[in-house]
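One letter stands for each residue in the lines below.
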Amino acid sequence: MSYEDELTQFRNAWKDELSGTCPTKQIKAKQLYLKGMLLEREGYCYEAIEYFRQALKLVPDIEKSIDVNIDFGSSSSGPGAIPGLEEVEGQVLSNLSADRSQWVEKFNTSETHFDDVFTCLPDRPSTRTHISALPNEIILSILRYVVSTELDLRSVESFGESCKWFYNLARTPQLWQAACRKIWPEVWPPADSTTWRAIFINKPHMRFDGVYVSRIKYFRHGEQKPNLCCTLQTVFYHRFLRFFPDGLVLSLNTTQAPQSAVAALKDRASPNKDVTYGQYTISGQELKVVLFQRDISCRTSIKLKPDQSFNITFKLSGLTGRQTLQWLDYYTVEKKNGQTKKSSIAIVPPHFSKFVYVRAKSYAAVSAGTI
């Protein structure tokens, strides 16, 4: 369209507005908004968003002049005495019912399909946009941030308990497939009778939204004083293990309160100098961990001492939410003067009690990124 045509079109619209043949911005915006309300009440949420958007584009505060309790009548073909509601922007309202199937197809995504997508509706009328107005693509994008890099699928399961619509979204195959690929890159697609969610739940793996805690209690003799009985002291301390999906593991032995240890293991780059770093591998129920001490002389970055390693083998048992780690083997490997020395350590209670998984809510409070 040339500039002359645009100028002619503007002049004609201006003349129509002055002569009264074209509604003003306020009237037109009200017509668009009322039609959007009517479509929303009849279940056409996706179409209603388009009309709301057009109305707010003309008059941003058009909601203030609309009565939210307006009665449109029992049918869409008889909207009452509202002028201009039967036809806005050249679209007849009665013809929209024939196009419902194509809007359902557009509303659904390639990731999930429902028999009825209009299962989430507000309990009471509201002037604000309800979450049911969001398409599946937006909610699935939000869920990917909820899962995050720490694989917080527990929050996704809680999200799915809200309603039928959220239940289906929380079981989107691509969402669980991405979580499985994060832990097992070489995992094969499931059979027809097995879902990605079932694989994630049933296949042994570590939990990443908490820590594994082992509480150690033992007795030791105190200082011997003349003419006094030897005192017996009780010693308590905790061992902590924190696992990450990429194979990183953090370890900390401390006599401080568990809350401080959980905070020290929250980030990969822990400021606590007592935290040791390592790698882990899991095969079935056998977990192997290799830990290295941290070089405290390097303050600008994390540097490990490769001369000595601590090699531990655990047995993973229990359900996903009640996992325990039982000690199977423990030895150290020390490299010095070109020689390698392996020293086995006897696993004797009570210094080697089992680890119990404990969820840390602060680990999943903030999303570090999308899965």
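This is a predicted model, so every value here is computed, not measured. (Residues numbered from 1 in each chain as written. Predicted model: local features only at pLDDT ≥ 70, side-chain atom pairs only at ≥ 80, totals over all residues. Heavy atoms only, no water.)

Chemist: So what exactly am I meant to see when it comes to the pattern of salt bridges here?
Modeler: Should their charged atoms come close, side chains of opposite charge can pair. Here the structure, examined in full by the defined rule, presents 8 salt bridges. Across the salt bridge formed by Arg242 and Glu150, the nearest N and O atoms sit 3.3 Å from each other. Separated by 92 residues along the polypeptide, Arg242 in strand S4 (residues 232–243) and Glu150 in the loop between helix H5 (136–147) and helix H6 (153–160) bring together distant segments of the chain. The exposure class of Glu150 is buried, given its relative accessible area of 13%. (Salt bridge = Lys/Arg side-chain N within 4 Å of Asp/Glu carboxyl O. Helix = DSSP H or I, 4+ residues; strand = E, 2+ residues; numbered from the N terminus. Buried < 20%, exposed > 50% of the residue type's maximum accessible area, 1.4 Å probe, protein only.)

Chemist: It is not clear to me how helix H3 (residues 45–58) should be interpreted in this structure. Could you clarify?
Modeler: In an α-helix, one turn spans 3.6 residues, which is why side chains three or four residues apart end up on the same side. Compared with an ideal rise of 1.5 Å per residue, which puts 14 residues at 20 Å, H3 spans 20 Å between its outermost C-alpha atoms and is within 8% of the ideal. All buried positions along H3 are accounted for by Cys45, Tyr46, Glu47, Ala48, Tyr51, Phe52 and Ala55. (Expected span 1.5 Å × (residues − 1).)

Chemist: Help me understand the confidence of the model for the chain, please; the structure alone is not making it clear to me.
Modeler: Detailed conclusions should not be drawn from predicted coordinates in areas where pLDDT is low. Confidence in the prediction of the chain, expressed as mean pLDDT, is 78, and 79% of residues score 70 or more. Within the model, the stretch residues 75–118 combines pLDDT values under 50 with 84 contacts to residues more than four positions away or in other chains. (pLDDT = per-residue confidence, 0-100. Contact = heavy atoms within 4.5 Å.)

Chemist: Mind showing me how you'd approach the environment of Trp184 here?
Modeler: Topologically, Trp184 is positioned in the loop between helix H8 (173–183) and helix H9 (196–202). Owing to a relative accessible area of 12%, Trp184 belongs among the buried residues under this scheme. Measuring from C-alpha to C-alpha, the distance between Trp184 and His205 comes to 9.4 Å, with 21 residues separating the pair along the chain. Once you skip the residues sitting within four places of it in the chain, Trp184 turns out to touch Ile199, Phe200, Lys203, Pro204 and His205.

Chemist: Where do I start with the pairing of strand S6 (residues 276–283) in this structure?
Modeler: Each regular strand displays side chains that alternate between the two surfaces of the sheet. Across 4 bridges, the pairing between strand S5 (residues 248–254) and S6 is antiparallel. Its bridge partner being in S6, Val249 is matched across the sheet by Gly278. Here S6 runs beside strand S7 (residues 286–294); their pairing, made up of 7 bridges, is antiparallel. Paired with Tyr280 across the bridge in S7 is Val289. With antiparallel pairing between neighbouring strands as the criterion, S6 and S7 make up a hairpin whose turn holds 2 residues, including Gly284 at a positive phi of roughly 65°. (Pairing = 2+ DSSP bridges.)

Chemist: When you look at the pairing of S7 in this model, what are you seeing that I'm missing?
Modeler: Looking at chain direction, S7 and strand S8 (residues 304–317) are connected through 8 bridges and run antiparallel. Bridge assignment links Phe292 to a residue of S8, and that residue is Ser309.

Chemist: What is the right way to read the side chain of Asp152 from this model?
Modeler: Tracing the sequence through the fold places Asp152 in the loop between H5 and H6. No salt bridge is formed by the buried Asp152; the nearest opposite charge belongs to Arg359, separated by 4.9 Å. A distance of 2.5 Å separates polar atoms of two side chains, one belonging to Asp152 and the other to Ser155. Discounting residues that sit within four places of it in the chain, Asp152 has contacts with Val146, Val147, Asp209 and Ala364. (Lys, Arg positive; Asp, Glu negative; His and termini not counted. Polar contact = N/O pair within 3.5 Å; in protein donor to acceptor, adjacent residues only side chain to side chain.)

Chemist: Looking at this model, I keep getting lost on the packing of H5 against H6. Mind explaining?
Modeler: Two packed helices can be described by the angle between their axes and the distance between those axes. At a closest axis distance of 8 Å, the pairing of H5 and H6 adopts a crossing angle of 140°. Here H6 runs oblique to H5, going by the angle between their axes. Judged by the twist between their axes, the crossing of H5 over H6 is right-handed. Contact with H5, carried on its side by Ile139, Leu143, Val146 and Val147, involves Leu153, Ser155, Val156 and Phe159 of H6 and no other residues of that element. Its residues assigned to classes, the contact of H5 with H6 shows 7 nonpolar, 1 polar and no charged. (Axes fitted to C-alpha atoms, helices over the stretch in contact; angles between N-to-C directions. Parallel < 35°, antiparallel > 145°, perpendicular 65-115°, else oblique. Left-handed = near helix turned anticlockwise from the far one by under 90°. Nonpolar A, V, L, I, M, F, W, Y, C, P; charged D, E, K, R; others polar.)

Chemist: Got a minute to help me understand the nonpolar core in this structure?
Modeler: By size, the foremost hydrophobic cluster in this structure holds 42 residues, and its most contacted members are Phe200, Met206, Phe243, Phe314 and Leu325. Top contributing element to this core by residue count: H8, with 5 residues. Phe314 has contacts with Leu241, Gln285, Glu286, Leu287, Val289, Leu325, Gln326, Trp327, Leu328 and Phe355, leaving out every residue within four places of it along the chain. Grouped together as the second largest cluster of nonpolar side chains are 15 residues, Phe244, Ala261, Leu265 and Tyr363 included. (Core = buried A, V, L, I, M, F, W, Y, C linked by side-chain atoms within 4.5 Å.)

Chemist: Can you help me understand the packing of helix H2 (residues 25–41) against H3 in this one?
Modeler: For the pair H2 and H3, interaxial distance at closest approach is 8 Å and the crossing angle is 160°. By the angle between their axes, H2 is roughly antiparallel relative to H3. Judged by the sense of rotation from one axis to the other, the crossing of H2 with H3 is left-handed. Between H2 and H3, the residues in contact are Lys25, Lys28, Ala29, Leu32, Tyr33, Lys35, Gly36, Met37, Leu39 and Glu40 and Glu47, Ala48, Tyr51, Phe52, Gln54, Ala55 and Leu58, respectively.

Chemist: Hey, could you run me through the packing of aromatic side chains in this one?
Modeler: The relative placement of two aromatic rings is captured by the distance of their centres and the angle of their planes. One pass over the structure, following the stated rule, counts 14 aromatic pairs. Seen in terms of ring centroids, Phe243 and Tyr280 are 4.9 Å apart; in terms of plane orientation they differ by 85°. Their pairing is edge-to-face. Of this pair, Phe243 sits in strand S4 while Tyr280 is found in strand S6, placing the two residues 37 residues apart along the sequence. Judged by relative accessible area, Tyr280 falls into the buried class, the value being 10%. An aromatic cluster of three or more residues is present, and its members are Phe314, Trp327, Tyr330, Phe352 and Phe355. Seen from the ring of Trp176, Arg197 lies directly overhead, with NZ or CZ sitting 5.7 Å from the centre. (Phe/Tyr/Trp six-rings, centres within 6.5 Å; stacked < 30°, edge-to-face > 60°. Lys NZ or Arg CZ within 6 Å of the ring centre and 35° of its normal.)

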